[in-house]
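As a plain string of letters, each chain reads:
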Amino acid sequence: MAEETIFSKIIRKEIPADVVYQDDLVTAFRDINPRASSHILIIPNKLIPTVNDVEEQDERALGRLFTVAKKLAAEEGIDQDGYRLIVNCNAHGGQEVYHIHMHLVGGEPLGPMLVS
Ligand code: AMP
């Protein structure tokens, strides 16, 4: 059984977070350390630690990450200029929190995808 992270507590509203969307499958909240003027994390309510742990039965929840990203990008007013969706995996991917999450980042030009 995977170990819960702080994100499970955010889903259950046990700790404060700036939650901008929640339904039966996913929760979205503003990143505590925003890297751009819009930076929202969208996560499945089910604890899936990394992309390596994804199973076929998770496809509905993980597909919802995209429909919610689209909706929130429009609400943030960044959909037409554009934005970036990022999912980090494990150490080389720079993953810090082991509850799979999609970063929705935008509101300004984001530069090259990878900075070397
Ligand atoms: P990652 O490096 O992809 O695992 O990203 C984890 C993200 O979670 C980072 O951008 C953190 O700033 C963010 N984060 C960590 N704790 C919290 C929290 N309590 N509320 C909101 N965002 C958080």
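Heads up: the structure comes first, above all this text.
Note that the coordinates shown come from a computational prediction; the quantities given were computed from them, not determined experimentally.

A. Structural view of the pattern of salt bridges. Summed over the entire model, instances satisfying the criterion amount to nine salt bridges. Ionic pairing is found between R30 and E76, a salt bridge with its closest N-O pair at 2.8 Å. Of this pair, R30 sits in strand β2 (residues 26-30) while E76 sits in helix α2 (residues 59-76), and the two are 46 residues apart along the sequence. Relative accessible area serves as the criterion here: at 30%, R30 is assigned to the partly exposed category. By sharing partners, the salt bridges in this structure join E4, R12 and E14 into a single network.

B. Focus on the side chain of S38. Within the fold, S38 resides in strand β3 (residues 38-44). Filtering out sequence-adjacent residues up to four positions away, S38 remains in contact with E76, I78, L104, V105 and G106.

C. Main features of the packing of aromatic side chains. Scanning the model with the defined rule gives one aromatic pair in all. With a centroid separation of 5.2 Å and 75 degrees between ring planes, the pair formed by F7 and F29 is classed as edge-to-face. Taken as a pair, F7 in helix α1 (residues 6-11) and F29 in strand β2 lie far apart in primary sequence, 22 residues in all. Accessibility expressed as a relative area gives 7% for F7, which makes it buried.

D. A look at the sheet that holds β2. Reading across from one edge, β1-β2-β3-β5-β4 is the order of the five strands in this open sheet, with antiparallel pairing throughout. Two strands lie at the open edges of the sheet, namely β1 (19-22) and β4 (83-86), each paired on one side alone. Strand-to-strand twist of the sheet, defined as the mean angle between neighbouring strand axes without regard to direction, takes the value 15 degrees. α2 contacts β1, β2, β3, β4 and β5 (102-106) of the sheet and is inclined by roughly 155 degrees relative to β3.

E. Representation of the site of the ligand within the structure. Taken together, 17 residues form the shell around the ligand, and within it D31, R35, E96, H101 and H103 come nearest. At 2.8 Å, a side-chain N or O of R35 approaches an oxygen atom of the ligand. With respect to the ligand, the side chain of H103 contributes an N or O atom lying 2.8 Å from an oxygen atom. Starting from 500 Å² of accessible surface for the ligand in isolation, the protein chains cover 89%. Those elements giving two or more residues to the shell around the ligand turn out to be α1 and β2. Of the residues forming the shell around the ligand, the biggest block, three residues, is contributed by α1. Here the residues of the shell around the ligand sort into seven nonpolar, six polar and four charged.

Parameters at a glance
- Residues numbered from 1 in each chain as written.
- Predicted model: local features only at pLDDT ≥ 70, side-chain atom pairs only at ≥ 80, totals over all residues.
- Heavy atoms only, no water.
- Salt bridge = Lys/Arg side-chain N within 4 Å of Asp/Glu carboxyl O.
- Helix = DSSP H or I, 4+ residues; strand = E, 2+ residues; numbered from the N terminus.
- Buried < 20%, exposed > 50% of the residue type's maximum accessible area, 1.4 Å probe, protein only.
- Contact = heavy atoms within 4.5 Å.
- Phe/Tyr/Trp six-rings, centres within 6.5 Å; stacked < 30°, edge-to-face > 60°.
- Pairing = 2+ DSSP bridges.
- Axes fitted to C-alpha atoms, helices over the stretch in contact; angles between N-to-C directions.
- Near = heavy atom within 4 Å.
- Polar contact = N/O pair within 3.5 Å; in protein donor to acceptor, adjacent residues only side chain to side chain.
- Areas by Shrake-Rupley, 256 points an atom, 1.4 Å probe, with all protein chains shown as cover.
- Nonpolar A, V, L, I, M, F, W, Y, C, P; charged D, E, K, R; others polar.

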